[in-house]
Amino acid sequence: MISAGAPAGPHSSTCGYCSPTGERSSEETFRQSAGLQALQLSCGVYQKMIDRGWRRSADMKRSCCPLYTIKLDALAFAPSKSQRKILNRWNRFVLNGGDDHMDVDSKPGQASKKKASQAPEFVWPATAHAAEQSFLSEGCDPCHKLEVLLEPSSFTTEKFELYKKYQEEIHHDRPGKNTPKSFKNFLVNTPLRLEPIPYPATPPSHLPTHYGSYHQLYRLDGQLIALSIIDILPKCVSSVYFIYDKTWDKFSFGKLSALREASLAREIHEAGVPNMTSLYLGYYVHSCQKMRYKGEYSPSFLADPETFEWYALEKYKSLLDSNRYTCFSQPEHSTNEPVSPDKGGFPAPTLTTALRVGTVNIIDDIQNGAVILDDVTVRLHLRQDRCVNESEGFRIMAF
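Asker: Can you walk me through the packing of aromatic side chains in this structure?
Answerer: Each aromatic ring pair is specified by the distance between its two centres and by the angle formed by the two planes. Throughout the structure, instances matching the rule amount to 26 aromatic pairs. Ring geometry for Tyr-316 against Phe-328: centres 5.3 Å apart, planes inclined by 65°, an arrangement best described as edge-to-face. Pair noted here: Tyr-316 is in the loop between strand 13 (310-312) and helix 7 (317-321) and Phe-328 is in the loop between helix 7 and strand 14 (354-367), with a separation of 12 residues, a long-range link. A single burial state applies to Tyr-316 and to Phe-328, both of which are buried. Directly above the ring of Phe-251 sits Arg-89, whose terminal nitrogen or CZ lies 4.8 Å from the centroid. The aromatic ring of Phe-155 is capped on one face by Lys-184, whose charged end is 4.7 Å from the ring centroid.

The following block contains the structure:
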C-alpha cells in the first residue's frame, strides 16, 4: 500500500494546555516544527510515525507545554486499587441498578465495606466485560443493558449530537461552533486503510478483524452514552479522543474507557498477535495538571524528544518536575528557561551547502484508481540546528 501526504512547514499557535478550561493563552507560545496532511497511510507507516511523535509534531524545546508520546505496557498492566473500584462500581450499577456510591465515595469503616466484600473476585481483563450483555451467563437478568460495540469510524447524527453536547458541557464550546463537517474532519475521516490483523485462528467475535480507525460505542439501555475514538495499529491500540454524556460523569467514564482500551490491546495479543503490546494514550503533558492522569496507568513509558527511545515515566518524574523541557537520554539538554512568544513566526531557514542524497517517488497523477509515480531528486541542505529536505517545491522538516 502506498502512503501519501502533503508536508507542511512550521507553525505557531496559542496554547490550551496552560490556560483555564475553555480558554487559550494570549500569546503564540505553542510551536509545531512540522506538519503533514495525510492523504493515505498504511497502519504500519502510521505506527512508525507515532513512535516518533507524529500525532502533532511540536517544537518541544521552544513550546510552553512540551508533548511527550506516552504508552502503557498493556501486558504488564494491572489495575490499581482505585481503578478496580471504579470498574467494580460501574459493573454493579449496570447489574444491580441504584445510585451506587460505595467504594469510591465511602470512607474506611462505613457500611460499604461489607458490600464490597460481597463483590465477585476481580480478574483482569475479564472484569472489564463483566456487565456487558454479550458476556453475561444465560439466565442473568441485569438491571440495565450495557452494550460495547466496536465499528470502523463512521458518521451518524447520534454520534454528532453526543459530540456537540460533550464539547459544550465539558469544554465550554460556544453553541454553534461544532458542525457535522467539523466533527467528520476531527473524529470520523481517516487516512488509515483497513488491513487484516494476522490472527492465527478466528478471533473472539468482540475483537476487531482489521487494523484501522474505529469507534467504540457504549450503549446503556439502547442509548449512546459514550464514544471512544481509537486507532488499532500493528503494535498498539492508540487512543485518539473520548466523549461521553455528562449525566454519567460520576462514574469516571474517561478512566473506564482507558481500562477498556488497555484490555482490548491485551486481548488482541492473547488472541495470537504477539506484536500487540501497548495502549498509546496520546500525549503526556506534565505541565498541565489535568493531563497528568495518563501517568496513573502503570507501567507507562515516555518517548525521548531527541532519540525517541522509551523511558519509564515513574523514574523520571523528578526530572520532569524540575524542567519545562526534559530530555531523558541527555538530561543536560533539559531546560527550565521560560519560552518567549513568537513575534514573527519561525525564522526563514538559512540554507548552506546542498548535498544530493537520492531520489524519491511522488504522486504525479491518479488514473482509474492507479497511482502514477514520478522520480524527484532530493537534496539535503544542512543547517546548524536541523536538516531541510527539498524536492521541487516540497519541503519536509526532518529532525
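Asker: Looking at this structure, how should I read the packing of helix 4 (residues 157-170) against helix 5 (residues 180-188)?
Answerer: A packed helix pair is summarised by two numbers, namely the angle formed by the two axes and the spacing between the axes. Close contact between helix 4 and helix 5 brings their axes to 10 Å; oriented N to C, the two are set at 90°. Of the possible angle classes, the one that applies to helix 4 and helix 5 is roughly perpendicular. Side by side, helix 4 and helix 5 meet where Lys-159, Phe-160 and Tyr-163 of the first sit next to Pro-180, Phe-183, Phe-186 and Leu-187 of the second. A class-by-class count of the residues in the contact of helix 4 with helix 5 yields six nonpolar, no polar and one charged.

Asker: What is the right way to look at helix 6 (residues 253-270) in this model?
Answerer: Here helix 6 spans 25 Å end to end across 18 residues, near enough to the 26 Å set by a 1.5 Å rise per residue. Following helix 6 by one or two positions, Gly-272 adopts a phi angle in the positive range, close to 110°.

Asker: What is the right way to look at helix 1 (residues 43-50) in this model?
Answerer: Given 3.6 residues to a turn, an α-helix orients residues that are three or four positions apart in the same direction. Buried within helix 1 are the following residues: Cys-43, Tyr-46, Gln-47, Met-49 and Ile-50. The buried residues of helix 1 occupy one face: seen down the axis, they fall within an arc of 160°.

Calculation notes
Residues numbered from 1 in each chain as written. Predicted model: local features only at pLDDT ≥ 70, side-chain atom pairs only at ≥ 80, totals over all residues. Heavy atoms only, no water. Phe/Tyr/Trp six-rings, centres within 6.5 Å; stacked < 30°, edge-to-face > 60°. Helix = DSSP H or I, 4+ residues; strand = E, 2+ residues; numbered from the N terminus. Buried < 20%, exposed > 50% of the residue type's maximum accessible area, 1.4 Å probe, protein only. Lys NZ or Arg CZ within 6 Å of the ring centre and 35° of its normal. Axes fitted to C-alpha atoms, helices over the stretch in contact; angles between N-to-C directions. Parallel < 35°, antiparallel > 145°, perpendicular 65-115°, else oblique. Contact = heavy atoms within 4.5 Å. Nonpolar A, V, L, I, M, F, W, Y, C, P; charged D, E, K, R; others polar. Expected span 1.5 Å × (residues − 1). Arc of directions from axis to C-beta.

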